[in-house]
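Letter by letter, the chains look like this.
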2 protein chains.
Amino acid sequence: MPKINKTRYAILGVLSLKPGSGYDIKKFCDDSIFYFWNENYGHLYPVLRQLEKDGLVTRSSEQTEGKPPRNVYSITDQGREELHRWLMLPVEPYPFRSELLLKMFFAVNIPRSNLIEKLEQKIQNESSLMRDFAAIEDLIKNRFGGRPEADLWLATLDYGKRMTLAAIEWSEETIGKLREEKTKEGD
Amino acid sequence: MPKINKTRYAILGVLSLKPGSGYDIKKFCDDSIFYFWNENYGHLYPVLRQLEKDGLVTRSSEQTEGKPPRNVYSITDQGREELHRWLMLPVEPYPFRSELLLKMFFAVNIPRSNLIEKLEQKIQNESSLMRDFAAIEDLIKNRFGGRPEADLWLATLDYGKRMTLAAIEWSEETIGKLREEKTKEGD
DNA sequence: GCGCCCATGTAACTAGTTACATGATTCA
DNA sequence: TGAATCATGTAACTAGTTACATGGGCGC
């Protein structure tokens with residue numbers, strides 16, 4: 001089974017909401033779906049050109065005076081069909097990788113304080129995510145509450161919130177356990 | 001900042017527990033840490049040779065009669081130092097990607113029944129994982145309970161369990177919400 | 001004047017996947 | 001007899017990352 005290029009579909013998905021430039025697509029990923037998707041220019045721009053060649057998007061160059069030129073892409077009917085076809089397909093299992101867990105698993109000879117630092121860092125990161133989620137939730141409810149997509153968007157957000165909360169809880173309890181061990185040894 | 005090769009450290013980690021062949025390392029990944037790490041031969045074997053060239057592991061060829069030859073690798077002192085150095089380093093943020101969420105996010109024109117199927121599939125997968133976790137937990141507690149690593153291994157397992165449970169809960173509640181919507185429309 | 005935002009892209013690289021190739025042993 | 005497990009590896013490919021290159025506008 002050949003690996004299918006997900007970036008193609010992520011781009012088609014973003015353009016299915018509204019036309020935009022490569023820059024806009026990247027921005028959308030970073031602002032709205034960053035908690036489960038990411039794209040970078042080095043991959044985005046070439047794939048965008050390829051989609052154009054395949055007839056799934058069209059490009060129109062906009063030149064506003066005193067501003068950098070914009071290549072605005074729109075999804076075509078063929079592009080919508082292709083996206084629809086892919087959305088209907090079952091989800092391919094994607095191997096999850098966690099460097100934190102890898103490090104913990106082999107950390108017998110690492111000072112517990114170092115592990116605790118890593119877990120505290122994780123709590124910081126995840127807490128920051130929780131604040132982002134609150135802001136996104138407001139945005140969806142206030143600005144896009146009427147849209148038929150709103151429920152789906154809130155569902156994906158709910159996933160992010162649950163995972164993030166669970167990660168924070170695990171980190172805190174694991175820190176607790178590590179401290180217990182430490183004091184046991186220390187006495 | 002250059003991207004560091006995680007496979008190198010995963011291999012060093014596995015060999016830090018005990019010497020083994022490429023096949024053994026792959027097996028360990030698939031059996032014991034598959035819920036947060038994966039390796040495949042196409043990457044594993046070349047990296048193993050590279051580690052040998054760098055003096056971080058040594059190779060000894062075993063030829064048992066009537067069996068395929070085995071290249072058994074052992075970690076060197078230099079390898080242990082390199083592993084230790086890396087384990088102490090802070091965790092690099094790794095972008096999380098979810099095809100399921102990507103599909104849900106853009107699923108306005110997809111029948112709800114198709115989404116529900118995907119969520120049910122997810123519940124199946126995660127439930128199967130939960131059973132694997134139970135088996136691994138038994139193994140750690142019964143066979144490796146005395147090892148100093150046991151607590152760390154149980155901590156990583158605990159992470160897996162929490163995430164998996166949260167994913168199942170989310171899937172079930174999301175199915176519920178989708179069905180509600182459906183019946184509302186239906187009337 | 002400095003830094004951030006807008007805006008496009010390429011080149012070089014690396015990590016990782018899949019498919020191919022081979023072949024013995026063991027167990028049902 | 002056929003499937004699974006043991007066992008090693010290469011070749012071709014693709015996806016994705018990072019660094020480089022360029023440059024105007026805007027606000028503090």
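Residues numbered from 1 in each chain as written. Chains lettered and ligands numbered in written order. Predicted model: local features only at pLDDT ≥ 70, side-chain atom pairs only at ≥ 80, totals over all residues. Heavy atoms only, no water.

### Overview of the overall build of chain A
The helix and strand inventory of chain A stands at 7 helices and 2 strands. The order of α-helices and β-strands along chain A, N terminus first, is α-α-α-β-β-α-α-α-α. Whereas a compact globule of 187 residues would reach a radius of gyration of roughly 16 Å, chain A reaches 22 Å, over 25% beyond that. Projected onto the principal axes, the alpha-carbon positions of chain A cover approximately 70 × 40 × 40 Å. Counting all 187 residues of chain A, 44% fall into the buried class. Considering only contacts within chain A whose residues lie at least 6 apart along the sequence, 62% involve residues at least 24 apart. Surface accessibility of chain A: about 10,100 Å² in total, with carbon and sulfur atoms responsible for 52%. (Helix = DSSP H or I, 4+ residues; strand = E, 2+ residues; numbered from the N terminus. Rg over C-alpha atoms; globule rule 2.2 N^0.38 Å. Buried < 20%, exposed > 50% of the residue type's maximum accessible area, 1.4 Å probe, protein only. Contact = heavy atoms within 4.5 Å. Areas by Shrake-Rupley, 256 points an atom, 1.4 Å probe, with all protein chains shown as cover.)

### Things to note about helix 3 (residues 41-53) of chain B
All names here are of chain B. Taking 1.5 Å per residue as the helical rise, helix 3 with its 13 residues ought to reach 18 Å, and the 18 Å between its terminal C-alpha atoms agrees with that figure. Of all the positions in helix 3, only Leu44, Val47, Leu48 and Leu51 are classed as buried. Considered in projection along helix 3, the buried side chains sweep an arc of 110° and stay on one side of the axis. Of the exposed residues in helix 3, those oriented more than 90 degrees away from the buried face are Gly42 and Lys53. (Expected span 1.5 Å × (residues − 1). Arc of directions from axis to C-beta.)

### Re the relation of the copies chain B and chain A
Note on the identical chains: chain B maps onto chain A by a rotation of 180° and an axial translation of 0.0 Å, with an RMSD of 0.0 Å. The superposition of one copy onto the other is thereby described by a two-fold rotation axis. Across chain B, the smallest distance between a C-alpha and the rotation axis is recorded for Met163(B), namely 3.1 Å. When the interface residues of chain B are mapped onto chain A, 100% of them again lie at the interface, so the same face is used by both copies. (Least-squares fit on C-alpha atoms with pLDDT ≥ 70 in both.)

### Brief notes about a nonpolar patch on the surface
A cluster of nonpolar side chains, Tyr23(A), Tyr41(A) and Tyr45(A), forms an exposed patch at the surface whose accessible area comes to about 310 Å². Overall, the relative accessible area of 38% leaves Tyr45(A) in the partly exposed class. (Patch = residues over 30% accessible without salt bridge, like charges linked within 9 Å, V, L, I, M, F, W, Y side chains within 5 Å. Salt bridge = Lys/Arg side-chain N within 4 Å of Asp/Glu carboxyl O.)

### Description of the packing of helix 1 (residues 6-17) of chain B against helix 3 of chain B
A packed helix pair is summarised by two numbers, namely the angle formed by the two axes and the spacing between the axes. Residues and elements named next belong to chain B. At a closest axis distance of 10 Å, the pairing of helix 1 and helix 3 adopts a crossing angle of 75°. Between helix 1 and helix 3, the crossing angle belongs to the class labelled roughly perpendicular. Facing helix 1, whose interface residues are Thr7, Arg8, Ile11, Leu12 and Leu15, helix 3 presents His43, Leu44, Val47, Leu48, Gln50 and Leu51. Tallied by class, the residues present in the contact of helix 1 with helix 3 amount to 7 nonpolar, 3 polar and 1 charged. (Axes fitted to C-alpha atoms, helices over the stretch in contact; angles between N-to-C directions. Parallel < 35°, antiparallel > 145°, perpendicular 65-115°, else oblique. Nonpolar A, V, L, I, M, F, W, Y, C, P; charged D, E, K, R; others polar.)

### Quick look at the interface of chain B and chain A
Chain B puts 65 residues into the contact, and the matching count from chain A is 65 residues. Summing the contributions of chain B and of chain A, the shared interface buries around 6,400 Å²; its carbon and sulfur component is 68%. Taken as a group, Arg97(B), Phe105(B) and Phe106(B) account for 13% of the area that chain B buries against chain A, more than any other trio of residues on that side. Joining chain B to chain A, the criterion identifies 7 salt bridges. Between Lys6(B) and Glu99(A) there is a salt bridge whose closest N-O contact spans 3.2 Å. Across the contact surface, chain B and chain A share 32 residue pairs in polar contact (both at pLDDT 80 or more). Listed by contribution, the elements that provide at least two residues to the side of chain B that touches chain A are helix 1, helix 4 (77-88), helix 5 (99-105), helix 6 (112-143) and helix 7 (150-186) of chain B. Top element by residues in the side of chain B that touches chain A is helix 7 of chain B. It accounts for 18 residues. Here the side of chain B that touches chain A is built from residues that sort into 38 nonpolar, 10 polar and 17 charged. (Buried area = accessible area lost by both parts, 1.4 Å probe. Polar contact = N/O pair within 3.5 Å; in protein donor to acceptor, adjacent residues only side chain to side chain.)

### A short note on the domain arrangement of chain A
All names here are of chain A. When cut into domains, chain A gives domain 1 (6-88) and domain 2 (99-186). Spacing between the C-alpha centres of domain 1 and domain 2 amounts to 30 Å. Contact with domain 1, which involves 6 residues of that partner, is made by 10 residues of domain 2. Each partner contributes to the roughly 510 Å² buried at the junction of domain 1 and domain 2, and carbon and sulfur atoms together form 74% of this total. When the buried area of domain 1 at its contact with domain 2 is split by residue, Leu17, Phe34 and Tyr35 rank highest and sum to 84% of it. Where domain 1 meets domain 2, there are 0 salt bridges. (Domains from an automatic or database assignment.)

### Overview of the environment of Thr76(A)
Residue and element names in this part refer to chain A. If you trace the backbone, Thr76 turns up in the loop between strand 2 (70-75) and helix 4 (77-88). A relative accessible area of 17% places Thr76 in the buried class. As a C-alpha pair, Thr76 and Ala10 span 66 residues in sequence and 15 Å in three-dimensional space.

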